[in-house]
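# Structure assessment
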Amino acid sequence: MVENAQREDLAPVEQARAYRRLMDLNRWSGAQLARELAVDPASVTRALSLLDLPGPVREMVEDAKLSPRTAYEVAKLSS
């Protein structure tokens, strides 16, 4: 599972789902996950935020019509 979460060819939303699964399985916080995978905690936060996007926006990220970074910024807007 850890190797899968770190694959280079993993799509952003798939990576976020892998992160969430690892967190759930191990009862880790985002910070613990970042430590275990040796990745930047902010990257984990941004990745996980993709799972909270409205369906149509998440689909745009999955279809590479919207960058994950832009989607993260959009998610911070109130409406």
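Residues numbered from 1 in each chain as written. Predicted model: local features only at pLDDT ≥ 70, side-chain atom pairs only at ≥ 80, totals over all residues. Heavy atoms only, no water.

### Some words on the pattern of salt bridges
Within this structure, the stated rule accounts for 1 salt bridge. Note that Arg17 is salt-bridged to Glu62, the shortest N-O span being 3.3 Å. A residue pair is termed long-range when its members are at least 10 positions apart, and Arg17 in helix 2 (residues 12-26) and Glu62 in helix 5 (residues 55-62) qualify at 45 residues. (Salt bridge = Lys/Arg side-chain N within 4 Å of Asp/Glu carboxyl O. Helix = DSSP H or I, 4+ residues; strand = E, 2+ residues; numbered from the N terminus.)

### Regarding the nonpolar core
Note on soluble globular proteins: their nonpolar side chains tend to be buried together. In terms of nonpolar packing, the biggest core is built from 10 residues, these being Ala16, Tyr19, Leu22, Met23, Leu33, Ala34, Leu37, Val44, Ala47 and Leu48. When residues of this core are traced back to their parent elements, those giving at least two are helix 2, helix 3 (30-37) and helix 4 (41-49). Residue contributions to this core peak at 4 residues, all from helix 2. Not counting chain neighbours up to four residues away, the residues in contact with Met23 comprise Trp28, Ser29, Gly30, Leu33 and Leu48. Ranked by size, the runner-up nonpolar core spans 7 residues in total, among them Leu50, Val61, Leu66 and Ala71. (Core = buried A, V, L, I, M, F, W, Y, C linked by side-chain atoms within 4.5 Å. Buried < 20%, exposed > 50% of the residue type's maximum accessible area, 1.4 Å probe, protein only. Contact = heavy atoms within 4.5 Å.)

### Quick notes on the packing of helix 2 against helix 4
Two elements in contact, helix 2 and helix 4, have axes separated by 8 Å at closest approach and are oriented at 105°. Put simply, helix 2 runs roughly perpendicular to helix 4. Judged by residue contacts, Ala16, Tyr19, Arg20 and Met23 of helix 2 engage Val44, Ala47 and Leu48 from helix 4. For the contact of helix 2 with helix 4, the per-class residue count stands at 6 nonpolar, no polar and 1 charged. (Axes fitted to C-alpha atoms, helices over the stretch in contact; angles between N-to-C directions. Parallel < 35°, antiparallel > 145°, perpendicular 65-115°, else oblique. Nonpolar A, V, L, I, M, F, W, Y, C, P; charged D, E, K, R; others polar.)

### Some words on helix 2
With 15 residues, helix 2 extends 21 Å from end C-alpha to end C-alpha; this agrees with the ideal 21 Å at 1.5 Å per step. Arg27 sits one or two residues past helix 2 and shows a positive phi near 60°. (Expected span 1.5 Å × (residues − 1).)

### Some details on the packing of helix 2 against helix 5
Two elements in contact, helix 2 and helix 5, have axes separated by 8 Å at closest approach and are oriented at 115°. Comparing the axis directions of helix 2 and helix 5 gives the class roughly perpendicular. On the side of helix 2, the interface is formed by Pro12, Val13 and Arg17, while helix 5 contributes Arg58, Val61 and Glu62. In the contact of helix 2 with helix 5, the residues fall into 3 nonpolar, no polar and 3 charged.

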